[in-house]
Amino acid sequence: MGRDFVYVILGGGVAAGYAALEFSKRGISRGDLCIISEENVAPYERPALSKGFLFPEDPARLPSFHTCVGANEERLTPKWYKEHGIELVLGTRVKSADVRRKTLLTAAGETINYKILIIATGARALKLEEIGVNGSNAENVCYLRDLADAIRLVSVMQSCVGGNAVVTGGGFIGMECAAALIMNKINVTMVFPAAHCMDRLFTPKIASFYEDFYKSKGVKFIKGTVLSSFENDSSGKVKAVILQDGTRLPADMVMVGIGSRPNTSLFEGQLTLEKGGITVNGRMQTSNSSIYAVGDVATFPVKLFGDLRRLEHVDSARKSARHAVAAIMAPDKTGDFDYLPFFYSRTFTLSWQFYGDNVGQVVHYGDYSGKSFGAYWINKGKLVGSFLEGGTKEEYEAIAKVTRLQPVVAAIAELERKGVGFALSV
Ligand code: FAD
Ligand code: NDP
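Computed from a predicted model, the values in this text were never measured in an experiment.

What counts, and where the lines are drawn
- Throughout, a residue's number is its position along its own chain's written sequence, starting from 1.
- To read the labels, note that chains go from A and ligands from 1, taken in the order they are written.
- Predicted model: local features are reported for residues with pLDDT of at least 70 only, side-chain atom pairs are reported and counted for 80 or more only, and whole-chain, interface and lining totals are derived from all residues.
- Side-chain metrics rest on all non-hydrogen atoms present in the structure, leaving aside hydrogens and water.
- Helix numbering and strand numbering both begin at the N terminus, where a helix is a DSSP run of H or I of at least 4 residues and a strand a DSSP run of E of at least 2.
- In this treatment the radius of gyration is a C-alpha quantity, and the globule benchmark scales as 2.2 Å times the residue count to the 0.38 power.
- Whether a residue is buried, partly exposed or exposed follows from its accessible area with a 1.4 Å probe, protein chains only, as a fraction of its type maximum: under 20%, in between, or over 50%, in that order.
- Note on contacts: a residue pair is in contact if any heavy atoms of the two residues lie within 4.5 Å.
- For the accessible areas, the method is Shrake-Rupley and the probe is 1.4 Å, while residue cover comes only from the protein chains on display.
- Summary of the metric used: pLDDT quantifies the predictor's per-residue confidence within the range 0 to 100.
- Being near a molecule or strand, for a residue, comes down to having at least one heavy atom within 4 Å of it.
- For this analysis, a polar contact is any N or O atom pair within 3.5 Å, provided that within protein one partner can donate a hydrogen and the other can accept it, and provided that sequence-adjacent residues contribute only side-chain to side-chain pairs.
- What makes a nonpolar core is a set of buried Ala, Val, Leu, Ile, Met, Phe, Trp, Tyr and Cys residues whose side-chain atoms join them at distances within 4.5 Å.
- Side-chain classes follow a simple rule in which Ala, Val, Leu, Ile, Met, Phe, Trp, Tyr, Cys and Pro form the nonpolar group, Asp, Glu, Lys and Arg form the charged group, and the remainder, Gly included, forms the polar group.

Tell me about the overall build of the protein chain, and please be specific about residues and values.
Tallying secondary structure elements over the protein chain gives nine helices and 26 strands in all. Taken against the 2.2 N^0.38 rule, which gives 22 Å for 426 residues, the C-alpha radius of gyration of the protein chain at 22 Å falls within 12% of a compact globule. Counting only C-alpha atoms and orienting by the principal axes, one finds that the protein chain spans roughly 65 × 60 × 40 Å. Across the 426 residues in the protein chain, those meeting the buried criterion constitute 56%. The long-range fraction of contacts in the protein chain, counting pairs at least 24 apart against all pairs at least 6 apart in sequence, stands at 61%. Total accessible area on the protein chain stands at roughly 18200 Å², and carbon and sulfur atoms take up 49% of it.

Tell me about the confidence of the model for the protein chain, residues and numbers included.
Summary statistics for the protein chain give a mean pLDDT of 97 and a share of 100% for residues scoring 70 or more. When mean pLDDT is taken per element in the protein chain, strand β19 (residues 291–293) scores highest with 99 and helix α8 (residues 412–418) scores lowest with 95. This prediction of the complex comes with two scores: 0.98 for pTM and 0.99 for ipTM.

Residue-level account of the site of ligand 2, with values.
In the vicinity of ligand 2 there are 21 residues, among which Ile173, Asp199, Arg200, Glu312 and Tyr344 approach most closely. Taking Ile173, its main chain carries an N or O atom lying 2.8 Å from an oxygen atom of ligand 2. Side-chain polar atom of Arg200 to an oxygen atom of ligand 2: 2.5 Å apart, as the coordinates give it. Of all the elements in the fold, those that place two or more residues in the shell around ligand 2 are α4 (172–183) and β22 (342–347). Ranked by the residues each element gives to the shell around ligand 2, the list is headed by α4, at three residues.

Before we move on, could you go through the nonpolar core and cite the residues and values that matter?
Grouped together as the largest cluster of nonpolar side chains are 134 residues, with contacts concentrated most on Met190, Phe202, Tyr210, Met253, Phe267 and Phe387. Among the elements that take part in this core, helix α1 (residues 14–26) stands out by supplying eight residues, more than any other. If sequence neighbours within four positions are ignored, Met253 has contacts with Asn140, Cys142, Leu153, Val156, Met157, Cys160, Asn164, Ala165, Val166, Leu181 and Ile186. Counting 17 residues, the second-largest nonpolar core is a separate cluster that includes Leu128, Val141, Phe230 and Val254.

Pulling in residues and values, what's your account of the site of ligand 1?
Lining the immediate surroundings of ligand 1 are 32 residues, of which Glu39, Arg46, Lys51, Arg145 and Asp296 lie closest. Take Val94: an N or O atom from its main chain is 2.9 Å from a nitrogen atom of ligand 1. Protein contact buries 93% of the 990 Å² of open area that ligand 1 shows by itself. Grouping the amino acids of the shell around ligand 1 by side-chain chemistry returns 13 nonpolar, eleven polar and eight charged.

The structure is reproduced here in structure tokens:
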């Protein structure tokens, strides 16, 4: 019963698009591969949603950012999938999975059978209700995870020009959306619990550069407290935000970016899970040998640091997806995934990249009042992490290379003096 496929990709986001490209490059027969996605559109580059999509002028719109343009590869439009005999089952949620029978059941009641399954279900935005704040279903409270959220956010922003937005969360979404709100001529107050923005990655010194830059664009920061409730008008719209310290902030809209959770629930009790994600080996294979997991949902061994990690960034989604397909299609020629963690962001005229691990002693370098500066992290005598703002392509390549090499650092003062020049000289 049901439909049969050799390969099924569950989830239609970034990893799915890159896996499909890799399958087609390696050669599959028409009708072998199916992608099932809850979203109504073919896989796209999700990072565009908090950047170009939100621009007030000349915004990015599909089909321009379908995967795999983010890695300068072919753009896979719905026509491409058709031409390649890849079945796109869109607007369809899988509601249960049976790994013993190798079946998926969709919300529409259809059974889909696979020989090999790639789980690429990504993550979802954490809701305010899950941390004890009610009322986030009001029409002017926004989250941002998928295209539908982004379309809604654009419409809410358009109705708030000249008004006030409260951004809750000082992580990736908070920082990128605050910049977009300012570009859309909306006043922004950012509220987050930590002492500075991006506190899991940035040092206080790095964060203070970005906070000062944001302040120069008009953003206000309220740190060390969190949102505790909403005040609504008679139509149910939020009109003010009340913080835990009692502060009341008038708000025409609220943007929430308080973290995400991997979509693992279909497989809990059926596959091994660790660190919140589905555990895979260096071939991206789960505890069931017919099932692979990639992207945000996968907890994989990071060879370079000798531990298991789950990363929520686009580069690892792209590369882990391609690696899983390589391991499936060419098992004898594919070794273990050897990934260098890489995160980046672009807001206003700023742009930074980070490679590796942010543990150990930090060595800041460059001009923190200007626009080109960075940091290295030294752990147990070795360079393990590199951050650079405002670098050139060559400089970013150099910090990636040096981080992968993990050179022993004998003279901290020299590293500080040489700055990015150290990476360029290795
Ligand atoms: P996703 O791209 O999230 O795709 C998961 C897919 O699975 C979705 O289509 C979802 O609908 C589908 N799905 C889930 N459950 C089911 C189900 N039961 N049935 C059917 N379908 C299902 N990273 C960076 O490194 N740089 C950036 O600049 C950056 N910007 C970002 C901006 C935004 C707004 C967001 C939300 C994320 C951003 N990221 C960025 C993170 C990056 O986009 C993710 O790491 C990446 O999308 C993960 O890819 P994925 O395929 O694992 O998951
Ligand atoms: P992040 O984990 O980046 O940030 C969450 C933020 O919310 C942190 O500042 C966190 O503080 C804060 N927070 C936690 N609890 C509360 C609370 N009660 N009230 C207010 N703030 C709170 O998640 P995001 O939501 O920003 O991003 C979601 C996903 O999207 C992530 O996977 C991210 O990687 C991805 N993304 C990546 C981008 C990129 O790589 N450029 C861009 C946009 C999204 P604390 O750290 O102190 O706990």
